Amino acid sequence: MATKTTCMSSQGSDDEQRKRENIRSLTMSGHVGFESLPDQLVNRSIQQGFCFNILCVGETGIGKSTLIDTLFNTNFEDYESSHFCPNVKLKAQTYELQESNVRLKLTIVNTVGFGDQINKEESYQPIVDYIDAQFEAYLQEELKIKRSLFTYHDSRIHVCLYFISPTGHSLKTLDLLTMKNLDSKVNIIPVIAKADTVSKTELQEFKIKLMSELVSNGVQIYQFPTDDDTIAKDNAAMNGLLPFAVVGSMDEVKVGNKVVKARQYPWGVVQVENENHCDFVKLREMLICTNMEDLREQTHARHYELYRRCKLEEMGFTDVGPENKPVSLQETYEAKRHEFHGERQRKEEEMKQMFVQRVKEKEAILKETERELQAKFEHLKRLHQEERMKLEEKRKLLEEEIIAFSKKKATSEIFHSQSFLATGSNLRKDKDRKKEPGCGFELLCVDVRTCENSGGRKDAEKGREGHSARGRP
Amino acid sequence: MDPLRRSPSPCLSSRPSSPSTPPCEMLGPVGIEAVLDQLKIKAMKMGFEFNIMVVGQSGLGKSTMVNTLFKVWKSNPPGLGVPPPQTLQLHSVTHVIEEKGVKLKLTVTDTPGFGDQINNDNCWDPILGYINEQYEQYLQEELLITRQRHIPDTRVHCCVYFVPPTGHCLRPLDIEFLQRLCQTVNVVPVIARADSLTMEEREAFRRRIQQNLRTHCINVYPQMCFDEDINDRILNSKLRDRIPFAVVGADQEHLVNGKCVLGRKTNWGIIEVENMAHCEFPLLRDLLIRSHLQDLKDITHNVHYENYRVIRLNESHLLPRGPGWVNLAPASPGQLTTPRPFKVCRGAHDDSDDEF
């Protein structure tokens, strides 16, 4: 049996904690060479590339796209959004930027139709849903059995630039409401858009008013970190200048002998990169050059962890069980999974039964209709047969009549020929006979005697009679 | 070795996968580069952690090697006059050392008693148990609802295995141990006490060991399957050609040609530890500290730890195995000491779906 002895445990990174846990600080007596560790880390990050996601929230036409273009010195997209969207939609687009050896995958998410509706009660909900959806996707990936976090494209929003209209008075109710719903989910940096419409004195008062409103309403905006000495001073100063009053423009104007980005008015030129004119340079510095990494870390360590904790607690997982004993996540997960499976099986059974029942019913109906059809068919067949039989009978009757009639005809012929021979006048009888209506048959009489006496005349008579016998239908 | 050499990141595609993104041209400087400085500042503030384990029979110079690597002298020389322990023990010692503003928390785990008994069956079990226990601790921390901002990393990043300089080939104990350990942790084998071999003997020994490793499919660090691109492959191939390094450790300084050097003094000369003509200690030091430290940590975190996590989350002896089953009872150390032999690969398992 093997025994394991650990001389000291190594948790925590505070000096005091270290001393408490008896971790020795040693000095080395020579150059070892691990000062290159930060460089190794940086090299690996360069290879992997960076990811940064910005969400721009603001009314249509307030200058979000222009500001992003100016920030990153590129022309991202051309067309303007319409003002007639029925509800707020979020549009995300990803771009790859490269500066020397740093590759940045930048995702810009724009709110389309924010503030355009007549009823703005549901304006902020799509934004909140979108942010939550990105957290959810990351959480799902993290909780997978076979996961690949190092190739996962991180789509969580790292910073939200909130564009405030330059009214000069105060925050709009919509702004307050939206920011209050977003502040626990994302780092918010408020900016005053189109700041060239606000004069300098007004601007100062406006900023103070805005900040006091935010504070009094309990909105937590992002504070630039002041714990690291190298950047603490700058960051603290910038914290006092929030919200930044920015002007965005990609148009170039010649000022003096330089060509700068600016907006040209009849009364002057507003230079974007001039610190006296607006705070654009400060925004760019704070957002990109100094604090990008901190923004990402805050998103991951604070906002995402909060979301994760809430979500897992919602699902019923806890760290500490009913008797204050630590409950393993796995056990709870397992129990839940059992439950879920049991329920699912039950539901499946139910559905199966329902399905079977429906099928039976349908079958019964079909059988009914089949039987009816069959009955009808038989009925018709019977009728048909009866008709046939009737017709058969009729036919028989008719045939008998025909036979009877032809017999009659035959006998009356014989009788007539006999009587004709006796009297010798057939012309009259012919005429009489011709006057009789409805008789279809003419007796064909041949007068032998007259034939002999008058040849031609007889022939004509014969012809006439024969013709009339055939002629009458 | 160039300290600023790009350290390879251990994944098949280091670039995050995402829908096709159009590259944009920037019309002027923006300042994105400054993020590198931000990273450096953050790293220096947080400090670094590195956990190394040395495994080998007693008397091979493990403790001396650690001292030589990190140039910290312990007050009492180890091993002298102390009889080898009857059973395998694991000693972990943590130091914080600083150089030019960079703080490194170094944990060295020593394994006295390894391979010293008459019957060495399963002598790797305690070691594997220890390594898995560190993974388990990290996993439990990661699974908490309210978890710490920075989870303390006690996982073993590198295991240096000392091969005794027999000059012949790897022994059965070595092969068994290496086979098992290579699947769980990064292993760097070294030829200990190389001053007992001549240059030709060293070369022959090295070739034979490399052959043994190939025959038994033992994948030592730097693993070929984790090479990122052509540059890494070239660099790592050069390293792989020289592994196992023939090293000599020393903690005493002597005067040679007017210079003070670390070395071993014998009647027939002074063996300089940091002289490439004498031994390959500089290569080992550069690999472990100056160029591949971050890479060792990355592979441990992204590959070995993930593999452990998959096994752990799939294991279940009470319930029928299915996709994504989770173990009800916490694992006992004996369960996980001998992992089923499978290839260390990145996510290319053929289990079924991985839905939460």
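Note that the structure is predicted; figures quoted are calculated from it, not measured.

Rules of the game
Residues numbered from 1 in each chain as written. Chains lettered and ligands numbered in written order. Predicted model: local features only at pLDDT ≥ 70, side-chain atom pairs only at ≥ 80, totals over all residues. Heavy atoms only, no water. Helix = DSSP H or I, 4+ residues; strand = E, 2+ residues; numbered from the N terminus. Buried < 20%, exposed > 50% of the residue type's maximum accessible area, 1.4 Å probe, protein only. Contact = heavy atoms within 4.5 Å. Areas by Shrake-Rupley, 256 points an atom, 1.4 Å probe, with all protein chains shown as cover. Pairing = 2+ DSSP bridges. Axes fitted to C-alpha atoms, helices over the stretch in contact; angles between N-to-C directions. Phe/Tyr/Trp six-rings, centres within 6.5 Å; stacked < 30°, edge-to-face > 60°. Lys NZ or Arg CZ within 6 Å of the ring centre and 35° of its normal. Polar contact = N/O pair within 3.5 Å; in protein donor to acceptor, adjacent residues only side chain to side chain. Parallel < 35°, antiparallel > 145°, perpendicular 65-115°, else oblique. Left-handed = near helix turned anticlockwise from the far one by under 90°. Nonpolar A, V, L, I, M, F, W, Y, C, P; charged D, E, K, R; others polar. Patch = residues over 30% accessible without salt bridge, like charges linked within 9 Å, V, L, I, M, F, W, Y side chains within 5 Å. Salt bridge = Lys/Arg side-chain N within 4 Å of Asp/Glu carboxyl O. Lys, Arg positive; Asp, Glu negative; His and termini not counted. Charge placed at Lys NZ, Arg CZ, Asp CG, Glu CD.

**Q** Please explain the overall build of chain B as it appears in this structure.
**A** Each helix and strand counted, chain B has nine helices and nine strands in total. A total of 356 residues make up chain B; the buried ones form 56% of that total. Pairs at least 24 residues apart make up 71% of the contacts formed inside chain B by residues separated by at least 6 positions. Working note: accessible area of chain B is about 15900 Å², and carbon and sulfur atoms make up 55% of it.

**Q** Mind showing me how you'd approach the sheet that holds strand S9 (residues 269–272) of chain B here?
**A** In a beta sheet, neighbouring strands pair by backbone hydrogen bonds and run either parallel or antiparallel. Residues and elements named next belong to chain B. Pairing in this open sheet of three strands is antiparallel, and the strands run S7-S8-S9 from one edge to the other. Only two strands of the sheet have a single partner each, and these edge strands are strand S7 (253–256) and S9. Strand-to-strand twist in this sheet, taken as the mean axis angle between neighbours without regard to direction, amounts to 65°. Two strands pair when backbone bridges link them, and strand S8 (residues 259–266) and S9 are joined in this way by four bridges, in the antiparallel orientation.

**Q** What exactly am I supposed to notice about the sheet that holds strand S4 (residues 89–99) of chain A here?
**A** Residue and element names in this part refer to chain A. Pairing in this open sheet of six strands is mixed, and the strands run S4-S5-S3-S6-S7-S8 from one edge to the other. At either end of the open sheet lies a strand with only one pairing partner, and these are S4 and strand S8 (244–245). Pairing of S4 with strand S5 (residues 102–112) involves eleven bridges; the strand directions are antiparallel. Counted as the bridge partner of Lys89 is Val112 from S5.

**Q** What am I meant to see in the packing of aromatic side chains here?
**A** The description of two aromatic rings rests on the distance between their centres and on the angle between their planes. Taken as a whole, this structure holds 13 aromatic pairs over all chains when the rule is applied. Measuring from ring centre to ring centre gives 5.0 Å for Tyr265 of chain A and Trp267 of chain A, while their planes differ by 10°; the resulting arrangement is stacked. Residue Tyr265 of chain A is classed as partly exposed on the basis of its relative accessible area, which comes to 22%. On the basis of an interplanar angle of 20° and a centroid distance of 5.0 Å, the ring pair of Tyr161 of chain B and Phe177 of chain B is categorised as stacked. Of the two residues, Tyr161 of chain B sits in strand S4 (residues 158–163) while Phe177 of chain B sits in helix H4 (residues 172–181), which places them 16 residues apart along the sequence. Both residues of the pair, Tyr161 of chain B and Phe177 of chain B, count as buried. Taken together, Phe135, Tyr138, Tyr152, Tyr304 and Tyr307 of chain A form an aromatic cluster joined through their ring pairs. Between the NZ or CZ atom of Arg156 of chain A and the centre of the ring of Tyr138 of chain A, over which it lies, the distance is 3.7 Å.

**Q** How should I be thinking about the environment of Ser58 of chain B in this particular structure?
**A** Residues and elements named next belong to chain B. Position of Ser58 among the secondary structure elements: in the loop between strand S1 (48–55) and helix H2 (62–70). Judged by its relative accessible area of 40%, Ser58 is partly exposed. Sequence-wise, Ser58 and Thr111 are 53 residues apart; in three dimensions their C-alpha atoms are separated by 8.7 Å. Here the side chain of Ser58 touches Asp116 through a polar contact of 2.9 Å, side chain to side chain.

**Q** I tried to follow the packing of helix H2 (residues 37–48) of chain A against helix H1 (residues 34–46) of chain B on my own but got confused; where do I start?
**A** Axis angle and axis distance: for two packed helices, these are the angle between their axes and the distance between the axes, and together they describe the pair. Where H2 of chain A contacts H1 of chain B, the two axes come as close as 10 Å, and the packing angle between them is 135°. For the element pair H2 of chain A / H1 of chain B, the angle class is oblique. Read as a crossing pair, H2 of chain A and H1 of chain B show a hand that is right-handed. Here H2 of chain A contributes Pro38, Asp39, Leu41, Val42, Ser45 and Ile46 of chain A to the contact with H1 of chain B, which in turn contributes Leu36, Leu39, Lys40, Ala43 and Met44 of chain B. Classifying every residue of the contact of H2 of chain A with H1 of chain B by side-chain character gives eight nonpolar, one polar and two charged.

**Q** Explanation requested: a negative patch on the surface in the structure shown.
**A** A cluster of acidic residues, Glu392, Glu393, Glu399, Glu400 and Glu401 of chain A, forms a negative patch on the protein surface. Mapped onto the secondary structure, Glu393 of chain A falls in helix H10 (residues 329–423).

**Q** How do you make sense of the pattern of salt bridges when you look at a structure like this?
**A** Residues and elements named next belong to chain B. Taken as a whole, this structure holds 41 salt bridges over all chains when the rule is applied. Put simply, Glu280 and Arg206 hold a salt bridge, and the shortest N to O gap is 2.9 Å. A residue pair is termed long-range when its members are at least 10 positions apart, and Glu280 in the loop between S9 and helix H7 (281–291) and Arg206 in helix H5 (residues 199–215) qualify at 74 residues. The two residues Glu280 and Arg206 agree in class, both being buried. As a salt-bridge pair, Arg285 and Asp286 come within 3.6 Å of each other at their nearest N and O atoms. According to the relative accessible area criterion, Arg285 is buried, its value standing at 9%. Given the relative accessible area of 6%, Asp286 is considered buried.

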